[in-house]
Amino acid sequence: MRIVLESEPFASLDQGKNWGQAGHWGNCRWIGLPSAPPTPYVCAFKRAFSSEEPTTLRIHVSADERYALYLDGERVGRGPERGDDLHWFFETFDLTLSAGDHILVAHVWALGNKAPIAQFSVKPGFLLCPEEDSWRETLATGVAEWQVKRLGGYEYTHPMGAFGVGHNLVVDGSAYDWGFEHGEGQGWVPAETFHPAYSAKRRNEMVMHQEHLLLSAMLPAMIERPVKTGKVRHVSSPALSQTHSIPIREADHLKAETSDWQALLSGSSLTIPPHTRRRVLIDLENYYCAYPEVIVSGGQGSLVRAHWQEGLVQDLKTWDRGHRGEVEGKYFCAMWHFKDGLGDTFKPDGGENRHFKTLWWQCGRYVELLVETDNHPLTIEKFALLETHYPMGQDSLFQSSEPRLAAVIPIAIRGLQMCAHETYMDCPYFEQLMYAGDTRLECLVTYLWSRDDRLPRKALKMFDWSRLPQGFTQSRYPSRLRQIIPPFSLWWVAMIHDFMQWRGDLPFVQELLPGMRSVLDAFDALRDETGIVHSPAGWNYTDWVNEWAHGEPPGARDGISALLNWQFVYSLRCAAQLESECGEPELAQRWERKAQEVTRAIAQHFWSDSRGLFADNVEQTLFSEHAQCLAVLSGTITDDQRQSIANQLFEADDLTVPSVYFMHYYFEACRELNRMDAFFKRMAHWYEMVDYDFKTTYENGNPHTNRSDCHAWGAHPLYHYFASVLGVQPSAPGCQSVTIRPQLGMLNSASGVMVHPLGDFRFDFRQEEGLLRGSVQLPPSVSGILLANGQNYELKEGRLEI
């Protein structure tokens, strides 16, 4: 059973120790494979032991790079939670032991450059330390007599366009060490002992670069549950093993075999005769991240391959995938690569009940099974998928008179779930990397639809840990491949502000302020004598729009960008409020002063009197909705400028239009300018996702050119259902006080329950003859103001009827 610790273990061991001795986990040390080969390699560690009586034993476990832990052949858990080279996580388990003999086995792998880009490594190895002193001699690594062996049978295949997710597997049963989970087999040798186990919080001296600094896991265990769905859409006997060039055609479908393959998905076994090849297309009817598992008997020389796709390709020139629920005439092939899809291959050795498993999960909506037999029949005893993601549900509720808004909720929630694991992710299929721009929107949805804010907290900390000497955060983190998107550093500042507003916890916020200041000072150093910020080196990505190369607005590559300057002003004002709430009024005044200085410089360079708008470039020839939205959201423009923007933002047809990602800031401007009619109009992008049978929100605004079908930044309308339509905004840290300004627009009614650590916020509004009617109920201890019908209603504990 996984335990999330409230405090660090072994702190009492530091009593009486000097600075050079502090932070040790007693005599527990890391262990590894003697004379370890270069990565990638997979190994197993085992320790047999006995318990004199039934007991519950607490252990702390980590590995480099990753592990699966088994007790008496049953998997206890996986880990370690993903961190970086200076913050290495460990998990804590309470093991229930009966009296008698037991065996612990750790399945550990170190893939090096073939691992996901988000996976760090310090030095491959394994660590296990019991909490109780009495068990150290029996079980602690580096103390007890642990054994290790390298496991055979693993080969690795390149993921092609899915560059960030790590290599896929070919598992060869004839070379595999069957039964290692029970400690079986030959070739076990004593493990090599490495460096001591150190606490990251209690030791910051005398640590070598290949020594781990340990932190307790911040998150609960990921969900692992069987996928109990799936529809066989196609069964055929292809002429080739490489199926990417063979379209799915009804004419090739072996209808008589469909029921047998469908029964396999329901738990029945299926025997494939010798010299047979079958291609089976499974529609999971939703998007899943899952560990595939196959149990087979017999079939020496056969092959079972499980490949995954988000959708099938209908046009191999444009890679258009069209309606995601349609398969006829389409190709199951890797995006941008006319090759077979991504996934894993298992090669049975002829043994009975061979249980094939992968090291990491796969994802998508469609699974293609390819089964080939040689001279022997193959029985597939079981084909199973074990769904995994962060344990995030749908805790809040929203209803309205527009059914299309409700239809968006399940795909937005599912998109968020599929991009939430040990970190947030931009997308599970292609990259599995946590980008600050994406993560801000994912956190906002999390705050309003879940009581659990542990994943946002970790995201905030990890971007802080990613900061470089010049002050910028890395664009995505954790990541072995360093990348700088300077605007994303500013979005991290906004993330801190969001957390303060929606969750409070000022001591936690204060931990992040030194990093925030370094980001802002880095941008401040780029200002010239006029006060304007010159674009920093790096990828100054703002949004995927056709008019901007590589997503960079005018002036972002070499010169001056209005959008980057507006984002700086926006972040400065976030920082000013953060400093003020955290008891630093002088620093708040400093950031506010700089915000006003940069605003004046922006007006000097980019305000067009003839258009009454802010231009994107200094020549004042290019204009975008992006610039107007950020100007409005900055809160520093004049009333005349604000009114001029309001008059044109929603009517002009020559402004660059945001894509799905940046539409969040457009929706924010809709709320601020009392133009929620424009919000409902732009929701057409999300209604189209429903019409095209997407199961998750996608990456850009065109289903025909879209890369990633699962991008959780597109879930942000769920935030606006509460924050903009029902109109709740914090007016004190942690929602201790709120301002509610409903804007139902074209809706006749809208209601909802927004969960929060303080309690539930309940809304029930309707429009009657131009007036707002209904009720609001706040959690205990929360106060606020409701702005409606030209009046300010004071809100206190209890229910207010309008």
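As a reminder, the structure under discussion sits directly above these lines.
As the structure is a computational prediction, the values presented were derived from the model and not from experiment. (Residues numbered from 1 in each chain as written. Predicted model: local features only at pLDDT ≥ 70, side-chain atom pairs only at ≥ 80, totals over all residues. Heavy atoms only, no water.)

Draft legend 1. Structural context of the sheet that holds strand 25 (residues 397-400). Taken together, the five strands give an open sheet; going across it, the order is 25-30-31-32-35, and neighbouring strands pair in antiparallel fashion. Since the sheet does not close on itself, it has two edges, and those belong to strand 25 and strand 35 (798-801), each with one partner. Here the average twist between neighbouring strands, direction ignored, is 5 degrees. (Pairing = 2+ DSSP bridges. Helix = DSSP H or I, 4+ residues; strand = E, 2+ residues; numbered from the N terminus. Axes fitted to C-alpha atoms, helices over the stretch in contact; angles between N-to-C directions.)

Draft legend 2. Structural context of the packing of aromatic side chains. Considering all chains together, one arrives at 44 aromatic pairs under this definition. Between Phe-89 and Trp-465 the ring centres are 6.5 Å apart and the planes differ by 40 degrees, which places this aromatic pair in the tilted class. In this pair, Phe-89 sits in strand 7 (residues 88-97) while Trp-465 sits in helix 5 (residues 454-465), placing the two residues 376 residues apart along the sequence. Each residue in the set Phe-488, Trp-491, Trp-539, Tyr-541, Trp-544, Tyr-570, Tyr-661, Phe-662, Tyr-665 and Trp-713 is aromatic and connected to the rest through ring pairs, giving one cluster. Directly above the ring of Tyr-291 sits Arg-78, whose terminal nitrogen or CZ lies 3.7 Å from the centroid. A cation over a ring is seen here: Arg-590 above Trp-591, with NZ or CZ 4.6 Å from the ring centre. (Phe/Tyr/Trp six-rings, centres within 6.5 Å; stacked < 30°, edge-to-face > 60°. Lys NZ or Arg CZ within 6 Å of the ring centre and 35° of its normal.)

Draft legend 3. Main features of the nonpolar core. Core analysis: the largest hydrophobic core is formed by 185 residues, its most contacted members being Phe-398, Trp-449, Tyr-721, Ile-740, Phe-763 and Phe-765. Setting aside its immediate chain neighbours within four residues, Phe-763 contacts Phe-722, Leu-726, Val-728, Ile-740, Ser-751, Gly-752, Met-754, Ser-775 and Val-776. If you look at the next biggest cluster of nonpolar residues, it comprises 45 residues, including Tyr-156, Trp-178, Leu-264 and Leu-284. (Core = buried A, V, L, I, M, F, W, Y, C linked by side-chain atoms within 4.5 Å. Buried < 20%, exposed > 50% of the residue type's maximum accessible area, 1.4 Å probe, protein only. Contact = heavy atoms within 4.5 Å.)

Draft legend 4. Representation of the pattern of salt bridges in the model. For the structure on display, the rule yields 54 salt bridges. One salt bridge in this structure joins Asp-452 and Arg-454, with 3.1 Å as the shortest N-O distance. Take Arg-454: its relative accessible area is 32%, and that puts it in the partly exposed class. Arg-762 is paired through a salt bridge with Asp-760; the nearest N and O atoms lie 3.7 Å apart. Residue classification places Arg-762 among the partly exposed positions, given a relative accessible area of 39%. We classify Asp-760 as partly exposed; its relative accessible area is 24%. Among the ionic contacts, a cluster of salt bridges with common partners joins Arg-233, Asp-283, Arg-365, Asp-693 and Lys-695. (Salt bridge = Lys/Arg side-chain N within 4 Å of Asp/Glu carboxyl O.)

Draft legend 5. Here's a closer look at unusual backbone geometry. Cis rather than trans, the peptide bond between Asp-64 and Glu-65 has omega equal to 15 degrees. Within the secondary structure, Glu-65 sits in the loop between strand 4 (55-64) and strand 5 (66-71). The peptide bond linking Gly-79 to Pro-80 adopts the cis configuration, its omega dihedral lying at -10 degrees. Checked against the element boundaries, Pro-80 lands in the loop between strand 6 (74-79) and strand 7. Although it is not a glycine, Phe-10 sits at a positive phi angle of roughly 65 degrees. Assignment of secondary structure puts Phe-10 in the loop between strand 1 (2-3) and strand 2 (24-32). Assessed through its relative accessible area of 7%, Phe-10 is described here as buried. Of note in this structure, Trp-336 is not a glycine but carries a positive phi near 70 degrees.

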